[in-house]
Structure formats: C-alpha cells, structure tokens
Amino acid sequence: MRKRCRRKVYALVNPITMAIEGAAITDTAALDKLRMRELSALESFRTGKATRTDWMDLADCLNVAQTMGHMGIGPEVLPVCDRAQAALGEAHERFKAGKGLAFDGPGLAAMRELAEYHDLQRTSISRGEYERAIKKTGDRIRGAAPDVKVLI
C-alpha cells in the first residue's frame, strides 16, 4: 500500500480581526470575571474559609502583577508584591500547621492593595501585551526563576 500525506487543515483566522482585538484594551466582560475571582478569593481569605483554588487565584494575580512591574508596567507595585508574597507565605505556614487558610490584618490589606494595583495595570495596557505578560509569568514559573516561589 502506498503512503499518503495526511496534512492537518487548521481553521482560518481573520488576521485583521485578530490584530484589532490584540491591540484593543481587554473587554470588560473578561476583566469582570477575573475581578470576581480575585474578590471572592479575598472574601474567602477574610472569612477564613479559603481553598487551594482561592490561594492559587491570588498567587496568580501576584505573579502576573510582579512580572508586569518588572516589565516596566506600573513598577510601583513591586513593594506591594513583596508584602503580598509575605502574606501568602504566612497563610501557607498557617495552613501547614493545620489551621485554615486566612490572612491577618496587614496581609489582607496588602492583598487588597495588590488587587487594586493589578486591576489598574491590566486596564491600562492592550490585550496582546497583557497576554504576553501572562505567558512570560508562566515561563518564569516553569523555568524556576530565583524570585519565583511556588508554595502549594
């Protein structure tokens, strides 16, 4: 039997629409979903009923904000990122000790401030640039950059 070429046929993408979407500010519906996830995670930590998913939502927010700060997009967020990272570390230690995932007062204030800064960061850049920051954050986590801490 003769060999046959089996090429994959991919769906065509309209490059003009894709370029316009990448250059535009991220739509509010997608940003509202992210905001709701972060705010519900903060509320869960405030009440002491947080789960690992809530912890990961806040850690993702922290990591992306930190990467964007290093990229030059709102570098004033970096000191807040350090305080938020310390708060997440303390919550992790509390969790390992058998207590629930929760923040103390300064930790909760730092996470709220971080959420505000990150929301300002992502609303002031284009969607394509935000996606690049997210990809760069994932690459830094997979590459085990020295300042990246993965706790849970």
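Residues numbered from 1 in each chain as written. Predicted model: local features only at pLDDT ≥ 70, side-chain atom pairs only at ≥ 80, totals over all residues. Heavy atoms only, no water.

Undergrad: Give me helix 5 (residues 105–123): which residues, what numbers.
TA: In an α-helix, one turn spans 3.6 residues; hence positions three or four apart end up facing the same way. In a regular helix each residue adds 1.5 Å, so 19 residues correspond to 27 Å; helix 5 covers 27 Å between its end C-alpha atoms and thus fits that length. Listed in full, the buried residues belonging to helix 5 are Gly 107, Leu 108, Ala 110, Met 111, Leu 114, Ala 115, His 118, Gln 121 and Arg 122. Mapping the buried residues of helix 5 onto a view down its axis gives an arc of 155 degrees, with all of them on the same face. Exposed residues lying more than 90 degrees from the buried face of helix 5 are Gly 105, Pro 106, Glu 116 and Leu 120. (Helix = DSSP H or I, 4+ residues; strand = E, 2+ residues; numbered from the N terminus. Expected span 1.5 Å × (residues − 1). Buried < 20%, exposed > 50% of the residue type's maximum accessible area, 1.4 Å probe, protein only. Arc of directions from axis to C-beta.)

Undergrad: Explain the packing of aromatic side chains to me, and be specific about the residues and the numbers.
TA: Counted according to the given criterion, the structure contains one aromatic pair. Note on Phe 45 and Phe 103: the rings are 4.4 Å apart at their centroids and 15 degrees apart in plane angle, and the pair reads as stacked. A residue pair is termed long-range when its members are at least 10 positions apart, and Phe 45 in helix 2 (residues 28–47) and Phe 103 in the loop between helix 4 (78–96) and helix 5 qualify at 58 residues. Taken as a pair, Phe 45 and Phe 103 share a single burial class, namely buried. (Phe/Tyr/Trp six-rings, centres within 6.5 Å; stacked < 30°, edge-to-face > 60°.)

Undergrad: Help me get a handle on the packing of helix 3 (residues 52–70) against helix 4, residues and values and all.
TA: The interhelical angle for the contact between helix 3 and helix 4, taken along N-to-C directions, is 155 degrees, at an axis separation of 10 Å. Considering their axes alone, helix 3 and helix 4 lie roughly antiparallel with respect to each other. Every pair of crossing elements has a handedness; the one defined by helix 3 and helix 4 is left-handed. Residues Arg 52, Trp 55, Leu 58, Ala 59, Leu 62, Ala 65, Gln 66, Gly 69 and His 70 of helix 3 lie in contact with helix 4, whose contacting residues are Leu 78, Cys 81, Asp 82, Ala 84, Gln 85, Leu 88 and Phe 95. (Axes fitted to C-alpha atoms, helices over the stretch in contact; angles between N-to-C directions. Parallel < 35°, antiparallel > 145°, perpendicular 65-115°, else oblique. Left-handed = near helix turned anticlockwise from the far one by under 90°. Contact = heavy atoms within 4.5 Å.)

Any link to function would need more than the numbers given here.
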